[in-house]
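# Overview (structure and organization)
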Amino acid sequence: MKCAELLLLLVASSVCLSVAIAAQQTCPADLDSKCGDNAPSGPGDWEGEFFPGIPKIKYEGPTSKNTLAYKWYNAEEVILGKKMKDWMRFSVAFWHTFRGTGGDVFGAPTKFWPWEDGSNSLAMAKRRMRAHFEFMEKLGVDRWCFHDRDIAPDGKTLTETNENLDEIVEVAKKLQDETNIKPLWGTAQLFMHPRYMHGAATSPEVKVYAYAAAQVKKALEVTHYLGGENYVFWGGREGYQTLLNTDMKRELDHLANFLQAAVDYKKKIGFNGTLLIEPKPQEPTKHQYDWDVATTFSFLQKYGLTGEFKINVECNHATLSGHSCHHELETARINGLLGNIDANTGDPQIGWDTDQFLTDISEATLVMSSVVKNGGLAPGGFNFDAKLRRESTDVEDLFLAHISGMDTLARGLRNVAKLMEDGSLDELVRKRYQSFDSEIGATIEAGKGDFETLEKKVLEWGEPTVPSGKQELAEMLFQSAL
């Protein structure tokens, strides 16, 4: 073929390709596609879709065989007096979904998303944020959660770091305005940088304490600016490795002072969101000070902070502390502290914080029973603090995992509705405590059951008869709804 003919063919092919791309307004989320940021004309916005092969996920019902459809989650359907979307208030976790690499303590990263260029640049952070919002729109989720350092890179100084964050936040704000998607909550990452190796608010070094305060100050401002409904404190390194070199009382006092300062600054800037504490027993420290819900409640009570904070219960953290997620939710709920749920689960055979998507229908039903008894979670919700398995490496897997998690919790809600409509399990519980509905029982529950009076009653009644607990029946009734 002659050079002139070859040139003509190339030009014609290029024109046809350009017309096709313009008509479809899409291109693969691949740096090699010459779209957007990698276009010959120079850096710019990514053109078209990041997920061109994925449609907007819709509800198709339990009989659907479409893996990219909801079988149980129907956002607008009313269950127990509320739309499902209002019971759930689902949120996508930016760090796991768009910063998760599949790497673990034994192996290198396994996930190389096509839009990633391997850098931690501002340009890459902007591209990643646009992919994030497209993902949420297609998933039909209108909330997201973030750490400051996950969405924007560190600079050489705090000033430069804050400028980086401001630049990415403006991108997020523009995307929020276009999509009506808002943060469920924001937080500061106070555990990854080497400066926090001894903790942040509990560091023995005052300069680190001050740096953490400055970082939380900025993160609160950013969360407020973006319209966040909550702000989370996860003290990943607020604890100790050994008590031999630790003044535990002093560290707890420092932590309380830090949290009080956060309360004060929240009020100063007019942020009306809920402050949340996320308990975890250990990992990465040997012992973290917010071990579980009960420990955290005790801490808040001691330092007079119970009116300022609620709890973000993470199910995987609950099991690491030796409890079920249901136990932690109920402990938070009955103490008026249930604010948000990080929807994930762990693997008892592995033993660490694996952050898997919740797919157990039984556990989801128990979780939703606490949520329903709580009257919902608003202004909190369900955040998918969960990540793909190391071996799941397709872009499509990001959607499949979230669809599965959302359907599981939706199915749990439907099961709770069935249990409540049937009423048998509630009646079993009521009957178990019906002796306290008596006059003497009411006296005891009113705090007036003195020992002398109770002794007289025992002498009158004789040896008490103790009825069966009917545990097997309770389990049978619960399982019948699944």
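Scroll up for the structure.
Described below are features of the structure shown in this document. Everything quoted here is computed from the prediction, not taken from an experiment.

Summing up its helical and strand segments, the protein chain has 17 helices and 14 strands in all. Seen through its C-alpha atoms, the protein chain measures out along the principal axes to roughly 115 × 60 × 45 Å. Counting over 482 residues, the protein chain shows a buried share of 46%. In the protein chain, 73% of the contacts between residues at least 6 apart in sequence involve partners at least 24 apart.

The next point concerns the packing of aromatic side chains. If you walk through the whole model with that rule in mind, you get 25 aromatic pairs. Ring plane angle 20° and centroid distance 6.0 Å describe the contact between tryptophan 113 and tryptophan 115, whose orientation is recorded as stacked. Note on accessibility: tryptophan 113 and tryptophan 115 belong to one class, buried. Connected via pairs of aromatic rings, a cluster forms that spans Phe50, Phe51, Phe94, Phe98, Trp113, Trp115, Phe133, Phe135, Trp144, Phe146 and Phe399. One Lys or Arg, lysine 82, reaches over the ring of tryptophan 87 and ends 4.5 Å from the middle of that ring.

A few words now on unusual backbone geometry. A cis geometry characterises the amide bond from glutamate 283 onward to proline 284, with omega recorded as 20°. For proline 284, the position within the fold is in the loop between strand S10 (274-277) and strand S11 (287-288). For glutamate 283, which is not glycine, the phi dihedral falls at a positive 70°. Tracing the backbone shows glutamate 283 in the loop between S10 and S11. One non-glycine residue, aspartate 355, adopts positive backbone phi at about 50°. When you line up the elements, aspartate 355 lands in the loop between strand S13 (338-342) and helix H12 (361-373).

Along the chain, lysine 56 falls in the loop between helix H1 (3-24) and strand S1 (58-59). The spacing of lysine 56 and methionine 136 is 80 residues in sequence and 9.5 Å in space, taken between C-alpha atoms. Sequence-distant contacts of lysine 56, that is, excluding residues within four places in its chain, are made with Glu137, Lys138 and Gly140. For lysine 56, the side chain forms a polar contact with the main-chain oxygen of glutamate 137, separated by 2.7 Å.

What follows is about the pattern of salt bridges. Within the structure shown, the criterion is met by 24 salt bridges. One salt bridge connects arginine 149 with aspartate 148, and the closest N-O pair in it is separated by 3.3 Å. Residue arginine 149 is classed as buried on the basis of its relative accessible area, which comes to 11%. The exposure class assigned to aspartate 148 is buried, which follows from its relative accessible area of 2%. Of the charged contacts, one joins glutamate 308 and lysine 267 as a salt bridge, the two residues approaching to 3.0 Å between their closest N and O atoms. Pair noted here: glutamate 308 is in the loop between helix H9 (293-302) and strand S12 (309-314) and lysine 267 is in helix H8 (residues 248-268), with a separation of 41 residues, a long-range link. Because the salt bridges share partners, they merge into one network encompassing Arg89, Asp142, Arg143 and Glu229.

It is worth spelling out the state of the cysteines at this point. Summed over all chains, the structure comprises 1 disulfide. At a sulfur-sulfur separation of 2.1 Å, the disulfide partner of cysteine 315 is cysteine 325. An S-S torsion of about -50° defines the bridge between cysteine 315 and cysteine 325 as left-handed. Remark: cysteine 325 occurs in helix H11 (residues 325-334) and cysteine 315 occurs in helix H10 (residues 315-320); sequence separation between them is 10 residues. Here the two residues cysteine 315 and cysteine 325 agree in accessibility, since each one is buried. We note that cysteine 145 lacks a disulfide partner, and the nearest cysteine sulfur, in cysteine 315, lies 15 Å from it. Judged by its relative accessible area of 0%, cysteine 145 falls in the buried class.

Turning to the environment of methionine 368, a few remarks are in order. Tracing the backbone through its elements, the reader meets methionine 368 in helix H12. A relative accessible area of 0% places methionine 368 in the buried class. Separated by 170 residues in the primary sequence, methionine 368 and histidine 198 have C-alpha atoms spaced 37 Å apart. Those residues within four positions of methionine 368 in sequence are excluded, and the remaining contacts are Met88, Phe382, Leu409, Gly412, Leu413 and Val416.

Analysis parameters
Residues numbered from 1 in each chain as written. Predicted model: local features only at pLDDT ≥ 70, side-chain atom pairs only at ≥ 80, totals over all residues. Heavy atoms only, no water. Helix = DSSP H or I, 4+ residues; strand = E, 2+ residues; numbered from the N terminus. Buried < 20%, exposed > 50% of the residue type's maximum accessible area, 1.4 Å probe, protein only. Contact = heavy atoms within 4.5 Å. Phe/Tyr/Trp six-rings, centres within 6.5 Å; stacked < 30°, edge-to-face > 60°. Lys NZ or Arg CZ within 6 Å of the ring centre and 35° of its normal. Polar contact = N/O pair within 3.5 Å; in protein donor to acceptor, adjacent residues only side chain to side chain. Salt bridge = Lys/Arg side-chain N within 4 Å of Asp/Glu carboxyl O. Disulfide = S-S within 2.5 Å.

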